[in-house]
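# Analysis of the macromolecular model
Here are the chains, one letter per residue:
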Amino acid sequence: MENRFSPELLEHLANARRVMALTGAGISAESGVPTFRSPDGIWSKFKPEELASMDAFMRNPKLVWEWYQYRRRLIYEVEPNPGHRTLVDMEAFYLRFRLFTQNVDGLHHKAGSKQVYELHGNIMRNRCSLCGRRVLQTAEDDSEEPAHCRCGGLMRPDVVWFGEILPEDILSMAYDEAMCADLFFSIGTSAVVYPAAHLPVLAVESGAYVVEINPESTMISSKVHTTLRGKSGDILPALWSQLSQKSHF
Ligand code: BJW
Ligand code: ZN
């Protein structure tokens, strides 16, 4: 097999002890889930401020609910791709591997990753906007507007909207991990949404070797050690396979 990756990168992969991966919408693109900011992404058809904020939900709960129902139907139909599956192999291989995702689609779990930290929640769960009670969404639920909780509050998707804080325990773990990692992957994210976008930069500043996998240049491309240009569903398996041959594991 052709040696596509630098010896330096393979050395880092072979010797890493603490590995962190941060994924974004791009890792699910090859599964058929649209990204947010690509030319044909979700935001090209909808304005985020009209849909992904509490203000928007309070203004027009039915519209926001319909948008989430549309996306849920799409996500129920799709399967993880080789990019997701390579992260399952990495979790099994490394002594300490932590996977943080901005994605709400649950595809890492579906691929078989055991421990996934979801920074922006999960689209298949709902949460009461008043008392916080959480309920799983069923595949059969084709409601056209949000239900009321038993407390009277409106149920909403259990995701993190603009202006809302991320789950504190998960964010705090992400910061700790980024500061201690010796190898960090930033995969399929435009790195424009904070605080998640700060994690790869923090990892660089804390001494990790940071690898970005993305077909396009992003806000962090000039700051990381290596950028692998291409689709994560191609790059991740190729990288892992080349490493396996090098290390004979
Ligand atoms: C491929 C590929 C392939 C294609 N293979 N790659 C500091 C500075 C400035 C602003 C702020 C700041 N701190 C907070 C803010 C405000 C705001 C923010 O960041 N705004 C920016 C837009 C400027 N952040 C927040 O409000 C956050 N809350 C917060 O900080 O609370 C504290 C606070 C509160 C109030 C005031 C101040 C502070 C919350 C952010 C929540 C984000 N929520 C969303 C929606 C989730 C629910 C849903 O899905 O509906 O999360 S927005 C959306 O963006 C979604 C994503 O998780 C997130 C990131 O997007 P991602 O994953 O990077 O996707 P894309 O589309 O942008 O990029 C895809 C990439 O894939 C591209 O690069 C492609 O090239 C690549 N790609 N195919 C690999 N095959
Ligand atoms: Zn309630």
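Scoring rules and cut-offs
Residues numbered from 1 in each chain as written. Chains lettered and ligands numbered in written order. Predicted model: local features only at pLDDT ≥ 70, side-chain atom pairs only at ≥ 80, totals over all residues. Heavy atoms only, no water. Donors = N, O, S within 2.8 Å, 3.2 Å for Na, K, Ca; no water. Tetrahedral: all angles 85-135°; square planar, octahedral: opposite > 155°, others 65-115°. Buried < 20%, exposed > 50% of the residue type's maximum accessible area, 1.4 Å probe, protein only. Domains from an automatic or database assignment. Contact = heavy atoms within 4.5 Å. Buried area = accessible area lost by both parts, 1.4 Å probe. Salt bridge = Lys/Arg side-chain N within 4 Å of Asp/Glu carboxyl O. Polar contact = N/O pair within 3.5 Å; in protein donor to acceptor, adjacent residues only side chain to side chain. Nonpolar A, V, L, I, M, F, W, Y, C, P; charged D, E, K, R; others polar. Near = heavy atom within 4 Å. Areas by Shrake-Rupley, 256 points an atom, 1.4 Å probe, with all protein chains shown as cover. Helix = DSSP H or I, 4+ residues; strand = E, 2+ residues; numbered from the N terminus. Phe/Tyr/Trp six-rings, centres within 6.5 Å; stacked < 30°, edge-to-face > 60°. Axes fitted to C-alpha atoms, helices over the stretch in contact; angles between N-to-C directions. Left-handed = near helix turned anticlockwise from the far one by under 90°.

## So, the coordination of the zinc ion (ligand 2)
- All of the protein donors around the zinc ion (ligand 2) are Cys-128 (SG), Cys-131 (SG), Cys-149 (SG) and Cys-151 (SG); their distances to the metal are 2.2 to 2.4 Å.
- Taken together, the four donor atoms surrounding the zinc ion (ligand 2) define angles of 100 to 118° at the centre, an arrangement classified as tetrahedral.
- Sequence spacing of the donors to the zinc ion (ligand 2): C-x2-C-x17-C-x1-C.
- For Cys-149, a relative accessible area of 5% gives the class buried.
- Overall, the relative accessible area of 37% leaves Cys-151 in the partly exposed class.

## Some thoughts on the domain arrangement of the chain
- Here the chain is partitioned into domain 1 (2-33 + 78-120 + 164-247) and domain 2 (41-77 + 126-159).
- Distance from the C-alpha centre of domain 1 to the C-alpha centre of domain 2: 28 Å.
- Domain 1 puts nine residues into the contact, and the matching count from domain 2 is nine residues.
- Both faces considered, domain 1 and domain 2 share a buried interface measuring about 660 Å² in area, 52% of it formed by carbon and sulfur atoms.
- On the domain 1 side of the contact with domain 2, Val-78, Val-104 and Glu-164 bury the most area, a combined 61% of that side's loss.
- One can count one salt bridge joining domain 1 with domain 2.
- For the salt bridge of Arg-156 with Glu-164, the shortest nitrogen-to-oxygen distance reads 2.7 Å.
- The interface formed by domain 1 and domain 2 includes two residue pairs in polar contact (both at pLDDT 80 or more).
- Looking at the side of domain 1 that touches domain 2 residue by residue, the class counts come to three nonpolar, two polar and four charged.

## Details of the site of ligand 1
- Close to ligand 1 lie 34 residues, the nearest being Arg-37, Tyr-68, Arg-71, Glu-164 and Ser-190.
- At 2.5 Å from an oxygen atom of ligand 1 is found a side-chain nitrogen or oxygen belonging to Tyr-68.
- Interatomic distance of 2.7 Å between a side-chain N/O atom of Asn-214 and an oxygen atom of ligand 1.
- The protein chains hide 75% of the 1,500 Å² of surface that ligand 1 would expose on its own.
- For the shell around ligand 1, the elements supplying multiple residues, two or more each, are helix 2 (26-29) and helix 6 (61-77).
- Split by residue class, the shell around ligand 1 holds 17 nonpolar, eleven polar and six charged.

## Some thoughts on the packing of aromatic side chains
- All chains considered together, the criterion is met by eight aromatic pairs.
- Look at Tyr-68 and Trp-161: their rings are 6.2 Å apart centre to centre, the planes differ by 55°, and that puts the pair in the tilted class. Here Tyr-68, found in helix 6, pairs with Trp-161, found in the loop between strand 6 (155-159) and helix 9 (168-180); they are 93 residues apart in sequence, far enough to count as distant. Across the pair, exposure class does not vary: Tyr-68 and Trp-161 are buried alike.
- For the ring pair Phe-100 and Tyr-117, a centre distance of 4.9 Å and an interplane angle of 25° mean the geometry is stacked. Here Tyr-117 lies in strand 3 (residues 116-118) and Phe-100 lies in strand 2 (residues 96-101), a separation of 17 residues in the sequence.
- Accessibility expressed as a relative area gives 0% for Phe-100, which makes it buried.
- Through a chain of ring-to-ring contacts, the aromatic side chains of Phe-57, Trp-67, Tyr-68 and Trp-161 assemble into a single cluster.

## Re the packing of helix 9 against helix 10 (residues 198-205)
- Put simply, helix 9 and helix 10 touch, their axes get as near as 7 Å, and they point 35° apart. The handedness of the crossing between helix 9 and helix 10 is right-handed. From helix 9, Ala-174, Tyr-175, Ala-178 and Met-179 reach across to helix 10, where they touch His-198, Leu-199, Leu-202 and Ala-203.
- Taken together, the residues of the contact of helix 9 with helix 10 sort by class into seven nonpolar, one polar and no charged.

## So, the pattern of salt bridges
- Within this structure, the stated rule accounts for eight salt bridges.
- A salt bridge links Glu-177 to Arg-18; its shortest N-O distance comes to 3.7 Å. Placement of Glu-177 in helix 9 and of Arg-18 in strand 1 (residues 18-23) is noted, with a sequence separation of 159 residues between them.
- For Arg-18, a relative accessible area of 27% puts it in the partly exposed group.
- Where Lys-110 meets Glu-79, a salt bridge forms, and the shortest distance between an N and an O atom there is 3.5 Å. With Lys-110 in helix 8 (residues 107-111) and Glu-79 in the loop between helix 6 and helix 7 (82-93), the pair connects residues that are 31 residues apart, well separated along the chain.
- Owing to a relative accessible area of 43%, Lys-110 belongs among the partly exposed residues under this scheme.
- Put simply, Arg-125, Arg-127, Arg-134 and Asp-158 are held in one network by salt bridges that share partners.

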